[in-house]
Amino acid sequence: MKIRVYMNHLPWDIGRSTDRNMRLLFKNLQDKYEDLEFYYPRNILSAILPVVGHFFKAVKGRILKRLRIRKKLGFSIKREKLISEKEFTKQHFDVIYTQGVIPHYGKSNIPFLCDLSFIDPENTDAVVTNESILRWKELIEDMGKVAKEKCIINLRSNYSLRLVHEYYPEYEYKFVNIPFLLPDLKAVSCDYALQKHTNISNFKIAFVGAQAKRKGIDLLVKSIEILYKRGVRNFELHIVSGFTDGKINISDELPIICHGTRDYSYTMNILKNAHLYVMPSYFESFGLSYVEAMANGCIVLARNFEPQREIVNYGKAGFVINLNPEDIADKIQHVLEMEEAQRKEFVLNGLEYFKGKYDYSVVSEQWHEEFKRCVSLYR
């Protein structure tokens, strides 16, 4: 029997969206599993109001940036009307997939499988404020309400699973940790990775992210300045970014190459040739580029928060860095000065961790099982 999944997904949108692209990747599952079928809304008119809403949010965000008004960080749970509910009611579906939004959909008893975030501000925010603490208390209350519904909630973090076990032990079975579907991301061979890290005379460091300021490019550039002042010169930094949230000044004297906005293939090629990947984000819900770098045989230096610690397997498959230039410089220098054999051990640990946790063959089966479980739980 086929499991028909209604994707709570806009049939069109303005601009590019990583979340939107990630939802489209679920189409790959129905090619791999005959019992899964994904339906994406097609009614263009049904998307007008949501798209207009997204457009005005984007405009508001740009205005706030120009006025240098700090955007509220942290996670929240939104409740919105199901996209194209008319299409939904005309056909039979077994489960709804939704991302970051709890859908309103009339009197239907169909369960939903939802991606949400649940991490306390101490493990997400560079600076914990009274406002972020208040938002966290609201999130605890909201998540408890969602957990009572017919659903399975994916949190993408073992740390988050420990938190929900503490707050909602009676609903623990409804929470899971499944990574993103990445069908196009293939791990480099061990031989390639080892060869890349053999007899290095000039280390290549990579940084990838459209919103470079949010992802800490200023901290990274300052750490490069510190290394240069220390006399450490056997490296170059490659930045792939359109600097969509504002540019920063980069001295021409530093070994920094800005590639601008590039497509996926070009970016993966940068990572294939890089030895280190460094991204000291001020705020990051997950950090896909850490996983992409690990798959390409880079030693990853990730922000010292959750779930980024989990992505580098708590220091076994990479390093964590604090959000200050001195610590970043120290960690980069440490990697540059490591014995080659030790460096290669980290690279192989990263590849092994990727293959066991993030590889498409592993993650696709997890999604398959959870779609089946979501239906069987509430049949």
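Cut-off values and rules
- All residue numbers refer to position in the chain's written sequence, counted from 1.
- Only residues with pLDDT of at least 70 get local features here, since the model is predicted, and only at 80 or more are side-chain atom pairs given and counted; chain-wide, interface and lining totals rely on the full set of residues.
- Calculated side-chain values reflect all of the structure's heavy atoms, with hydrogen atoms and water omitted.
- Under the DSSP-based scheme used, a helix requires at least four consecutive residues in state H or I and a strand at least two consecutive residues in state E, with every element numbered from the N terminus.
- Accessible area is worked out with a 1.4 Å probe on protein chains only. A residue is then buried under 20% of its type maximum, exposed over 50%, and partly exposed in between.
- To define a nonpolar core, start from buried Ala, Val, Leu, Ile, Met, Phe, Trp, Tyr and Cys residues and group those joined through side-chain atoms within 4.5 Å.
- Throughout, a residue-residue contact means that at least one pair of heavy atoms, one from each residue, lies within 4.5 Å.
- The arc in question is traced by the directions running from the helix axis to the C-beta atoms.
- Residues adjacent in sequence count toward polar contacts only when both atoms are side-chain atoms; beyond that, a polar contact is any pair of N or O atoms within 3.5 Å, and within protein one must be able to donate a hydrogen and the other to accept it.
- Note on pairing: DSSP must find at least two bridges between two strands before they are called paired.
- Throughout, right-handed denotes a crossover for which the path from the first strand over the helix to the second runs clockwise when the strands point away from the viewer.
- Each Phe, Tyr or Trp ring, with Trp reduced to its six-membered ring, pairs with another whose centre is within 6.5 Å; inter-plane angles below 30 degrees give stacked pairs, above 60 give edge-to-face pairs, and intermediate values give tilted ones.
- Lysine NZ or arginine CZ positioned within 6 Å of the ring centre and within 35 degrees of the ring normal marks a charge as sitting over the ring.

A. Summary view of unusual backbone geometry. Between Glu-306 and Pro-307 the backbone carries a cis peptide bond, its omega angle lying at 0°. With respect to the helices and strands, the residue Pro-307 is situated in the loop between strand 13 (299–303) and helix 11 (308–311). Residue Ser-84 is not a glycine yet carries a positive backbone phi of 55°. Along the polypeptide, Ser-84 turns up in the loop between strand 3 (78–81) and helix 4 (85–90). Given the relative accessible area of 5%, Ser-84 is considered buried.

B. Quick look at the nonpolar core. Of all hydrophobic cores here, the largest spans 67 residues; its most connected members are Phe-235, Tyr-277, Leu-301 and Ile-332. At 8 residues, helix 8 (residues 217–229) tops the list of elements feeding residues into this core. If we ignore the near neighbours within four places in the chain, the residues touching Tyr-277 are Ala-206, Phe-207, Val-208, Leu-271, Ser-289, Tyr-290, Ala-293, Cys-298, Ile-299, Val-300 and Leu-301. Counting residues in each nonpolar core, the second largest holds 32 residues, with Tyr-6, Ile-102, Phe-118 and Ile-153 among its members.

C. A look at the environment of Leu-24. By secondary structure assignment, the location of Leu-24 is in helix 1 (residues 18–24). Residue class for Leu-24 comes out partly exposed when judged on its relative accessible area of 29%. Between the C-alpha atoms of Leu-24 and Ser-281, which are 257 residues apart in sequence, the distance is 26 Å. Among residues more than four places away in sequence, those in contact with Leu-24 are His-9 and Tyr-40.

D. Broad picture of helix 6 (residues 158–167). Along helix 6, the positions that sit buried rather than exposed are Tyr-159, Ser-160, Leu-163 and Val-164. The buried residues of helix 6 occupy one face: seen down the axis, they fall within an arc of 135°. Of the surrounding elements, those touching the buried residues of helix 6 are helix 5 (130–147), strand 8 (175–176) and helix 11. The opening residue of helix 6, the one whose side-chain oxygen lies 3.2 Å from the backbone nitrogen of Tyr-159, is Ser-157.

E. Here's a closer look at the pairing of strand 10 (residues 235–240). For strand 10, the tally of buried residues reaches 6 of 6 residues, placing the bulk of the element in the interior. Burial along strand 10 is two-sided: the residues Phe-235, Leu-237 and Ile-239 and Glu-236, His-238 and Val-240 are all buried. Bridge analysis of strand 9 (residues 203–208) against strand 10 gives 6 bridges, and the strand direction is parallel. Residue Lys-204 lies in a different strand from strand 10, and its bridge partner there is Glu-236. Handedness of the crossover joining strand 9 and strand 10 through helix 8: right-handed. The pairing of strand 10 with strand 11 (residues 256–260) spans 4 bridges and is classified as parallel. Counterpart to His-238 in the pairing with strand 11 is Ile-257.

F. Region of the structure containing the packing of aromatic side chains. One pass over the structure, following the stated rule, counts 24 aromatic pairs. When the ring of Phe-26 is compared with that of Phe-371, the centres are 6.2 Å apart and the planes differ by 85°; the resulting orientation is edge-to-face. Taken as a pair, Phe-26 in the loop between helix 1 and helix 2 (27–32) and Phe-371 in helix 14 (residues 360–377) lie far apart in primary sequence, 345 residues in all. Members of the aromatic cluster, connected to one another through ring pairs, are Tyr-6, Tyr-39, Phe-88, Phe-93 and Tyr-105. The aromatic ring of Phe-180 is capped on one face by Arg-156, whose charged end is 3.5 Å from the ring centroid. The lysine or arginine in question, Arg-233, covers the ring of Tyr-228, its NZ or CZ lying 3.9 Å from the ring centre.

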